[in-house]
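# Breakdown of the fold
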Amino acid sequence: MVPFVDAHCHVSGQGQIEDERETRRCVMSNFSGDWATLKGLDGVEKCFGIHPWYSHLYSVHQCDKRSHYESVLEWRVSEEFEQLLAQLPAPIALDEYIEQDFEESQIAVVGEIGLDKLFRLPENGFYVQNSGARLSRVKVKMAHQIEVFRRMCQLACKYRKPVSLHGVKCHGVLFEQCIQELLPTKEVKVCLHSYTGSFQTLTDSWLRKFPQSRIFLSLSQYINFKTDETGLELVKAIPRSCLLTETDFPIDTQPADQLRAQLQHICEKISQACDLDGLESCKTLIYDNYLRFIA
Ligand SMILES: [Zn+2]
């Protein structure tokens, strides 16, 4: 039987991972904490990344803790910065992290990586699933996000690994960076996960510059199919060979059957939009695409 594909999901480190044979899973790591949970796991594709929500925890230039956070964060009220600084851990040198933890043979994809213009730091310093921490008004400078992102793109190019990309409210900048860093290495494939940019950026930029064999869009129920109308419209703008499905949920806190139901929902919508011959044909299409993405 052809499996469902979850081309972009997560681990929280807070629960148990159910044995799931009906779904092929590509599990992201957002920072070193996720990678510690993920690296011992069998039966999934493992991904190595630094999500923009965690980029401030990594230093590109060597310096002490205070100077690091002063140079990568932006704030208006210095009290807020001082409170955060007290919560934040000592930064990890990015190159050392890569050198120690990146194992070429173990890693299928470089992800999750990307850029996020809306992101604000939670008051506890970094995002923790279900922590309930309130958001501060402190942000990570785009220049620092870009530096970390470029370093991760260079890693993907060096080892010819595909990437899974996060972009929020800065689709033009993200695209420009990918043109510079990823496009020249023709073996590197790109997956835009839960794409929220405009149709114009998609068709006039991404789909025009990247060959169809190198670009994928993985669609989620909770972002791309908030309404059927926008979801179906997006599917129709994407070449069939570029479609993937995802949940973007942690696989250790969500029951496997609920995650599968989301993937099935997206497949049914894709079938409808592309006029496919039912669920099984859609699963076959997505699975074939997925095998090319991770090849
Ligand atoms: Zn994600």
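Residues numbered from 1 in each chain as written. Predicted model: local features only at pLDDT ≥ 70, side-chain atom pairs only at ≥ 80, totals over all residues.

A separate point is the UniProt feature "binding site: a divalent metal cation 2" (unreviewed entry) in the protein. Here, the residues flagged by UniProt with the feature "binding site: a divalent metal cation 2" (unreviewed entry) are H166 and H193. Spanning 28 residues, the named residues nonetheless gather at one spot, since no C-alpha pair among them exceeds 6.1 Å. Residue position: H166 is located in strand β9 (residues 163-168). In contact with H166, not counting residues within four places along its chain, are H51, P52, E112, I113, G114, D116 and H193. Mapped onto the fold, H193 is located in strand β10 (residues 190-193). Classification of H193 as buried rests on a count of 28 C-beta atoms within 10 Å. Apart from the residues lying within four places of it in its own chain, the contact partners of H193 are H8, S164, L165, H166, S218, E246 and D248. (UniProt positions renumbered as here; feature names shortened; annotations may be inferred. Helix = DSSP H or I, 4+ residues; strand = E, 2+ residues; numbered from the N terminus. Contact = placed C-beta atoms within 7 Å. Buried ≥ 20, exposed ≤ 12 C-beta atoms within 10 Å, placed from the backbone.)

Once that is clear, we can look at the pairing of β9. For β9, the tally of buried residues reaches five of six residues, placing the bulk of the element in the interior. Of the pairings in the sheet, the one linking strand β7 (residues 107-116) to β9 comprises five bridges and is parallel in character. The residue of β9 that forms the bridge with V110 is V163. The sheet contact formed by β9 and β10 spans three bridges and is parallel. Bridge assignment links S164 to a residue of β10, and that residue is C191. Read from β9 through helix α6 (residues 171-181) to β10, the crossover connection turns out right-handed. (Pairing = 2+ DSSP bridges. Right-handed = clockwise from strand over helix to strand, strands pointing away.)

Counting residues in each nonpolar core, the largest one holds 77 residues, and the members touching the most others are V110, M152, V163, V190, C191, L217 and L244. In contact with L217, not counting residues within four places along its chain, are L192, Y195, I238, C242, L243 and L244. (Core = buried A, V, L, I, M, F, W, Y, C linked by C-beta atoms within 7 Å.)

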